[in-house]
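# Working through the structure, step by step
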Amino acid sequence: KMYPHVVPAVLRATRRRAQVSAALRQLNADVICLQEVDCPLEDLGLGENEFESCFAQRPGGRSDRCVIAWRRDRLEMGPGRHRVMLFDEHPPPKAFECDPAHYESGNVGLAG
């Protein structure tokens, strides 16, 4: 078990998604940045009618992704669109000399 001291019910995806959805509704933000998203945005209350989004899928067959969502009635994507960054393509500075196998993580990012 990854989290042996946590009650299993707390870790259920349906519970976590409901909590995230409630928090996002309460925040009422114009721009939302999320990581480790592994479900449709509608499950988090970010429906297509209200929000537009872009995402960066994690490599290696992983199901999660980073997402930037924004209210379509207040903002729009600029002409440059967005860029996906795969951090494994950018090794750490030499000051952090290490075996590449130690820094490869499959982490991704988005820039708009």
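Structure's up top.
As the structure is a prediction and not an experimental result, all values here were calculated from the model.

Looking only at helices and strands, the chain features 3 helices and 5 strands. Listing each helix as α and each strand as β along the chain from the N terminus yields α-α-β-β-β-β-α-β. Taken against the 2.2 N^0.38 rule, which gives 13 Å for 112 residues, the C-alpha radius of gyration of the chain at 17 Å runs more than 25% over that of a compact globule. For the chain, the C-alpha atoms occupy an extent of roughly 45 × 45 × 25 Å along the three principal directions.

Moving on: helix H2 (residues 13–27). Given a rise of 1.5 Å per residue, 15 residues ought to cover 21 Å, and the 21 Å separating the end C-alpha atoms of H2 matches this to within 8%. Immediately downstream of H2, the backbone of Asn28 shows phi near 55°, a positive value.

What follows covers the nonpolar core. Leu24, Ile32, Leu34, Val37, Cys39, Leu41, Leu44, Leu46, Phe51, Val67 and Ala69 form the largest nonpolar core, which has 11 residues in total. Looking at this core, the elements with two or more residues in it are strand S1 (31–37) and strand S3 (65–71). With 3 residues, S1 is the single largest residue contributor to this core. Setting aside residues no more than four positions away along its own chain, Phe51 makes contact with Ala29, Asp30, Ile32, Gly45, Leu46, Ala69, Trp70, Arg71 and Arg72. Core analysis: the second largest hydrophobic core is formed by 8 residues, Cys66, Ile68, Trp70 and Val108 among them.

Rules of the game
Residues numbered from 1 in each chain as written. Predicted model: local features only at pLDDT ≥ 70, side-chain atom pairs only at ≥ 80, totals over all residues. Heavy atoms only, no water. Helix = DSSP H or I, 4+ residues; strand = E, 2+ residues; numbered from the N terminus. Rg over C-alpha atoms; globule rule 2.2 N^0.38 Å. Expected span 1.5 Å × (residues − 1). Core = buried A, V, L, I, M, F, W, Y, C linked by side-chain atoms within 4.5 Å. Buried < 20%, exposed > 50% of the residue type's maximum accessible area, 1.4 Å probe, protein only. Contact = heavy atoms within 4.5 Å.

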